[in-house]
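These are the residues of each chain, in order.
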Amino acid sequence: MNLIVQGKTVSTPSLEALAKLAAAAAIETVSATTFRLAGADDSRRAEIAAYCDAHALDCGWVPAERRIRDFGLLVMDMDSTLITIECIDEIADMHGLKPQVSAITEAAMRGEIDFAESLRRRVSLLAGLDQSALQRVYDERLQLSPGAEALLAAARAAGIKTLLVSGGFTFFTERLQSRLGLDYTAANSLEVAGGKLTGRVLGDIVDAQGKADWLNRVRIGLNLARSQVIAMGDGANDLKMMAEAALSIAYHAKPVVRAQASHALNQVGLDGAIPLLGG
């Protein structure tokens, strides 16, 4: 196995301590903040994970034979994964209701409230808001997560297709698809009447099962095996989708998601996924 070590800064003493714990054959520099401990022994995983947590480092065990071109589909959540914000919270802020909506969002992310019900409750609070608020959120508040463009460029270079699947809204996924050259998107549609939000969602809600279904729909359409799929997310609503992928990556995620993912990135940006894919 190879042990990938990443962080905002990675000190030489930390690398040496980890190399000793993992009985690594060599320390290889991938970048200024990413290192590969080649030929590592993973029998002390728990101890190594605890060391990394204590020193603000991300670590991931990667089979030495893994290559990024082994994969064919990258599936990503949008809010707080591909982008830094929760769009519905920022829309609510335009309506003076961000605290109320954020509280429901957080409960849903932790898995305490059924997602579909939580979405209906949050969207209902937006009734009467001018549709222009959506564009303002996109223009003024939406930012890509650090490393997003680098990850997508690496995926594109490796021939990996991309699916952005969100419990958020098509207004944002469609614009991100055009901006970033994403291959597929799926999200929820807000009902608008007379230039204002009605407080309702059109059609079936893309919830946790919906995300998993979209992953499999696109995977099958591309004639890919489960072993060729990567899924990334941050909340409980992403767990079913991540379970359908051979490789799952929790990005700055809730504890319940980190516990079930193949890898977790807590310190670095989305480009931290590249070495975990064998890139």
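Here, every reference points to the structure presented above.
Residues numbered from 1 in each chain as written. Predicted model: local features only at pLDDT ≥ 70, side-chain atom pairs only at ≥ 80, totals over all residues. Heavy atoms only, no water.

**Structural notes on the overall build of the protein chain**
Argument step 1. Broken down by element type, the protein chain carries 12 helices and 11 strands.
Argument step 2. A compact globule built from 279 residues would reach a C-alpha radius of gyration of about 19 Å, and the protein chain, at 20 Å, matches this within 12%.
Argument step 3. Its C-alpha atoms put the protein chain at 65 × 40 × 30 Å along the principal axes.
Argument step 4. A buried classification covers 54% of the 279 residues belonging to the protein chain. (Helix = DSSP H or I, 4+ residues; strand = E, 2+ residues; numbered from the N terminus. Rg over C-alpha atoms; globule rule 2.2 N^0.38 Å. Buried < 20%, exposed > 50% of the residue type's maximum accessible area, 1.4 Å probe, protein only.)

**A word on the sheet that holds strand S10 (residues 247–251)**
Argument step 1. Strands sit in the order S8-S7-S6-S5-S9-S10-S11 across an open sheet of seven strands; the sheet is mixed. One side of each edge strand has no neighbouring strand; the edge strands of this open sheet are strand S8 (196–202) and strand S11 (263–265). Taking the axes of each pair of neighbouring strands and ignoring which way they run, one obtains an average angle of 25° across the sheet.
Argument step 2. Taken together, the four bridges between strand S6 (residues 161–169) and strand S7 (residues 184–193) define a ladder with parallel strand orientation. For Leu164, the partnering residue across the bridge sits in S7 and is Thr185.
Argument step 3. With respect to the sheet, helix H7 (residues 148–157) is in contact with strand S5 (73–76), S6 and strand S9 (229–233), its orientation differing from that of S5 by roughly 155°.
Argument step 4. Running over the sheet, helix H9 (residues 208–221) touches S5, S6, S7 and S9 and is turned about 155° from S6. (Pairing = 2+ DSSP bridges. Axes fitted to C-alpha atoms, helices over the stretch in contact; angles between N-to-C directions. Contact = heavy atoms within 4.5 Å.)

**Considerations on helix H2 (residues 45–54)**
One turn of an α-helix holds 3.6 residues; hence residues three or four places apart share an orientation.
Argument step 1. Every buried residue of H2 is listed here: Ile48, Tyr51 and Cys52. Axial view of H2: buried residues confined to an arc of 95°, hence all on one face. Turned more than 90 degrees away from the buried face of H2 sit Ala46, Asp53 and Ala54, all of them exposed.
Argument step 2. Where H2 is buried, its residues contact strand S1 (2–6), helix H1 (12–21) and strand S4 (58–62). (Arc of directions from axis to C-beta.)

**Examining the environment of Ile91**
Argument step 1. Here Ile91 is to be found in helix H3 (residues 87–93).
Argument step 2. Assessed through its relative accessible area of 0%, Ile91 is described here as buried.
Argument step 3. Taking the C-alpha atoms as reference points, Ile91 and Gln135, separated by 44 residues in sequence, lie 9.5 Å from one another.
Argument step 4. Aside from chain neighbours lying at most four places away, what touches Ile91 is Leu126, Leu129, Leu134, Val137, Phe169, Phe172 and Leu197.

**Things to note about H1**
Argument step 1. Those residues of H1 that fall on the buried side of the exposure criterion are Ser14, Leu15, Leu18, Ala19 and Leu21. Viewed end-on, H1 has its buried residues packed into an arc of 160°, placing them on one side of the element. Opposite the packed face of H1, turned more than 90 degrees from it, sit the exposed residues Thr12, Pro13 and Lys20.
Argument step 2. Buried residues along H1 sit against S1, strand S2 (26–31), strand S3 (34–38) and H2.
Argument step 3. Looking at the residues trailing H1, positive phi occurs at Ala23, about 50°.

**Observations regarding the pattern of salt bridges**
Argument step 1. Scanning all chains against the criterion turns up 11 salt bridges.
Argument step 2. Salt-bridge contacts for Glu90 lead to Arg141; the nearest nitrogen and oxygen are separated by 2.7 Å. Linking Glu90 in helix H3 with Arg141 in the loop between helix H6 (132–140) and H7, this pair joins segments that are 51 residues apart in sequence.
Argument step 3. Overall, the relative accessible area of 25% leaves Arg141 in the partly exposed class.
Argument step 4. Here the salt bridges do not stand alone but share partners, grouping Glu90, Asp93, Lys98 and Arg141 into one network. (Salt bridge = Lys/Arg side-chain N within 4 Å of Asp/Glu carboxyl O.)

None of the figures reported here should be taken as evidence of function without further support.
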